[in-house]
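Here is how the chains run, residue by residue.
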Amino acid sequence: MTFASILIQLLNGLAAAASLFLVSAGLSLIFGVTRIVNFAHGSLYMLGLYGAYTLIQALGRTPLGFWSAVLLAALLVGLAGVLIEVLILRRIYRAPELFQLLATFAVVLVIKDIALFVWGAEDLVGPRAPGLGMAVEILGKRIPAYDLLLIAIGPVVLAALWLLLTRTRWGALVRAATQDREMVGALGVDQAKLFTSVFFVGSVLAGLGGALQIPREPANLELDLSVIADAFVVTVVGGLGSIGGAFLAAIIIGVAKAFCIGIGTVTWFGTEIVFSKLTLVVEFLIMALVLVVRPYGLLGRPQAAQRIATDPAPPLTAPSWKIAAIWLVLLVAVPLAADRYVTILLTDIFCFALFAVSLHFIMGPAGMVSFGHAAYFGLGAYAAGLLFKRAGLPMEAALVLAPLCAGAFAVVYGWFCVRLSGVYLAMLTLAFAQISWSIVFQWDSFTGGSNGVFGVWPSAWLADKTTYYYLALACCGAGIALLWRVLFSPFGFVLRAGRDSPLRAEAIGIDLRGFQWAAFVLVGALAGLAGAVYAFSKGSISPSAISIAQSTDGLIMVLLGGVETLTGPIAGAAIFTWLRDEVARRTEFWRAVMGLVILAIVLLFPQGLVGGLKALAARWRERPA
Amino acid sequence: MSGAVLQVEGLHKAFGGVQAVADVSFAVSAGEMLALVGPNGAGKSTCFNMLNGQLAPDHGIVRLDGRDIVGLRPSAIWRLGVGRTFQITATFASLSVRENVQMALYSHAGRLRSLLSRFGTAYRAEADGLLQQVGMLDQADRTCGVLAYGDLKRVELAMALANQPRLLLMDEPTAGMAPRERVALMELAAGLARKRAIAVLFTEHDMDVVFSQADRIIVLDRGQLIAGGTPEEVRANPAVRAVYLGGTH
């Protein structure tokens, strides 16, 4: 690489870093003050991009039209953020963190479908910035003038934010609330106004980040989740709640990605390595490295202890084997009475039930929230498919080995994950899921890339849908029974104890990390089993099995059913799978419908469906005679 | 002191420029109740956290039965026979009182790695025996998350006793309890310590508790030991009077 090309890649990276910084700064600001991880932040970015596209058409392609469109789009996104805060989040600030998360997922679904309805499914390519369409020549290479402007915008916004935070009363309140939210409340500050204003500023930043990309990036419906993943990486690398950290991290990530693209294809020791396809991998590797070396990010500080202790988890009641047996008998009898459609739907439900139960195991009793549980489901599915198609193993062998492969990945990922806790842990799990996804997605020659693997069919004796139904019931039922059994073993009690009080666990001689690591591997393998069974039931696998959307589906299932009961995740998986199937057959906008249903549940039953029903039942029993 | 269970020599810890603990040395022998007292911010908790492995000292030696334990993790130190209660109680809130104690007993026996056996069938009688000793047997089936603060302190004591400790570290064991409860809990601890020949090191703000229960008292001020001796000696020590009552040395 010549000096000139290094410089060019550096400038490319800095230009890309600008929007990354804006959206991450907004996310970080909102998290710092409200302690809400706003999954919908990528959606706000997407709205900014779409909004700018439409507004430029309306206001004309003049410099004035372009820049007023960009600013107007950012402000409108800010108002959308206010709407989300006032209508939804304000009602659930006291709910458990995970419920706030679920609500922001729901918002992601709704916004995606609003964008689909308004702007359609086609990518929209925006105009170049009027007056800045030319390129500037630097050391014989051409750089778009707009990129140079973007490079300048990053530091300008950083300076503006810094002034806002250090020189105004509002900024002082934001900084105080970031350090100690309860104290600020106790001092008589109107929290509702503060939170709404922070949401406004954070959303404007996201909207601006999106709108500024209009000359560089087509507006499309996949942006919401890909941007939020990038923004997570940046905020975590920089340190949650630190604006300066976000700036630094955005530059590191932006430049690293630009260099990957710049390096292109390199042959090392006879192996061709396509660096330009490894951008996601590099980004997430940086994050994993930073988190292991500096668990609170480059410029972050350990999260201040929250004074208002959340209610301790209630005791876990063992499932009744009698009721389980009744369900089993009913499920065994279903194919005798029901049609093919019901059998296939139930087969799906079995797979997702095991997926949800394994996620619940790790996030509920073991207290380690995973945003990337689909990694193991998807890797199990791919392992099954690839062992069957590429290694030529019999289907039965592939089905047995696939969970072991998923478990092997969990050994590696889990080693990093158990070193962190809370939001950082959750984001690292998401990072690993994204690494897996990007490798699978981009390794065309081995995994089939975006098309996936086809022709993954069960052996002849299992090919019949009814027979396969029984296989799925047996595999998933056994998996769920195993996980429940382990929860009530000494090992399971250690996990629950470690969630309740890591300090006490260490003080009675328990090396918690080892147990948590083992738990990661166990649930990884069983999620992998669910994926493998699913793969053979569908006959094909696509990268969506590892996607963030698949991970969030799992979270929705668990939270929908209720994280505090064992049967909740199964109920959640069944209801979610059935509902999605029903809605998807009726409308193109099934995501929005699902999102609204989830919002209704979050606002009405903050303990999940099963938890809510139990609470209702308890109130019914305790009613005055 | 040859029979010392715990021996601390030249313990140092600085946070940034602040010398939290400076050149602290003392020893506790089996069956002895040693109180570590001092005003707020004197370095008591820092001292404690270095003894059980939560904090690494800058330098200094901590010996348990003659063995240097600096650098060991809290879990390893527990396995050598050190029980601990915390200033702010730490118990497993979603488990029952009995299960809490059983956790410690299972851990002591090295039986926590089992994935398929059912927890709670073993060590039931032992757990109940410990709960009986601290007066919590009647609440054995209640969930720790719903207990009153004073009761949680008792559960902690029972858990700390589960591995037949040589040394018991109690950081403000009676904080947050009613005055009458305080003396009762410390009498209980002292009785158990003497009966089982356990060395006890505790910090305490309630001077009634300190002077009635401690065999010896050491006084920490701004990170340094300024006095030590029997309750009578310490009571009469002018340096101690100066720290607590103000005035010149």
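Residues numbered from 1 in each chain as written. Chains lettered and ligands numbered in written order. Predicted model: local features only at pLDDT ≥ 70, side-chain atom pairs only at ≥ 80, totals over all residues. Heavy atoms only, no water.

## Side note on unusual backbone geometry
Residue and element names in this part refer to chain B. Even without being a glycine, D23 presents a positive backbone phi close to 50 degrees. Along the chain, D23 turns up in strand β2 (residues 18-29). The backbone of Y123 sits at a positive phi, close to 60 degrees, despite the residue not being glycine. (Helix = DSSP H or I, 4+ residues; strand = E, 2+ residues; numbered from the N terminus.)

## Considerations on the sheet that holds strand β7 (residues 167-171) of chain B
Residues and elements named next belong to chain B. Pairing within the open sheet is mixed, and its six strands lie in the order β6-β7-β8-β3-β9-β10. Both outer strands of the open sheet, β6 (82-85) and β10 (224-229), are each paired with one neighbouring strand and no more. Going across the sheet, the axis of each strand differs from the next one's by a mean of 15 degrees, ignoring polarity. As judged from the four bridges shared by strand β3 (residues 33-37) and strand β8 (residues 199-203), these two strands associate in the parallel manner. If you follow A35 over to β8, its bridge partner there is F202. Its contacts with the sheet put helix α5 (residues 149-161) on β6 and β7, and the angle it makes with β6 is roughly 170 degrees. Packing of helix α6 (residues 179-196) onto the sheet brings it into contact with β3, β7 and β8, and relative to β3 it is tilted by some 135 degrees. (Pairing = 2+ DSSP bridges. Axes fitted to C-alpha atoms, helices over the stretch in contact; angles between N-to-C directions. Contact = heavy atoms within 4.5 Å.)

## Quick word on the confidence of the model for chain A
Mean pLDDT for chain A: 88, with 98% of residues reaching 70 or above. Scored below 50 in pLDDT, residues 305-309 of chain A makes nine contacts in the model with residues more than four places away or belonging to other chains. (pLDDT = per-residue confidence, 0-100.)

## Describing the domain arrangement of chain B
Quite often, the size of an interface is put as the accessible area lost when its parts meet. All names here are of chain B. In terms of domain boundaries, chain B breaks down into domain 1 (1-81 + 165-249) and domain 2 (82-162). The gap between the C-alpha centroids of domain 1 and domain 2 is 25 Å. With 28 residues of domain 1 at the interface, the matching set in domain 2 holds 19 residues. Summed over both partners, the interface of domain 1 with domain 2 buries about 2100 Å², with 58% contributed by carbon and sulfur atoms. At the boundary of domain 1 with domain 2, the tally comes to one salt bridge. Ionic pairing is found between D171 and R84, a salt bridge with its closest N-O pair at 3.6 Å. There are 12 residue pairs in polar contact (both at pLDDT 80 or more) connecting domain 1 and domain 2. (Domains from an automatic or database assignment. Buried area = accessible area lost by both parts, 1.4 Å probe. Salt bridge = Lys/Arg side-chain N within 4 Å of Asp/Glu carboxyl O. Polar contact = N/O pair within 3.5 Å; in protein donor to acceptor, adjacent residues only side chain to side chain.)

## Description of helix α12 (residues 321-337) of chain A
In an α-helix, one turn spans 3.6 residues; hence positions three or four apart end up facing the same way. Residues and elements named next belong to chain A. Between the first and last C-alpha of α12 there are 24 Å, a value that for 17 residues agrees with the 24 Å anticipated at 1.5 Å per step. Every buried residue of α12 is listed here: L331, V334 and P335. Those residues of α12 hidden inside the fold are in contact with α13 (340-363) and α18 (465-487). One side-chain oxygen at the N-terminal end of α12 lies 3.3 Å from the backbone nitrogen of K322; it belongs to S320. (Expected span 1.5 Å × (residues − 1). Buried < 20%, exposed > 50% of the residue type's maximum accessible area, 1.4 Å probe, protein only.)

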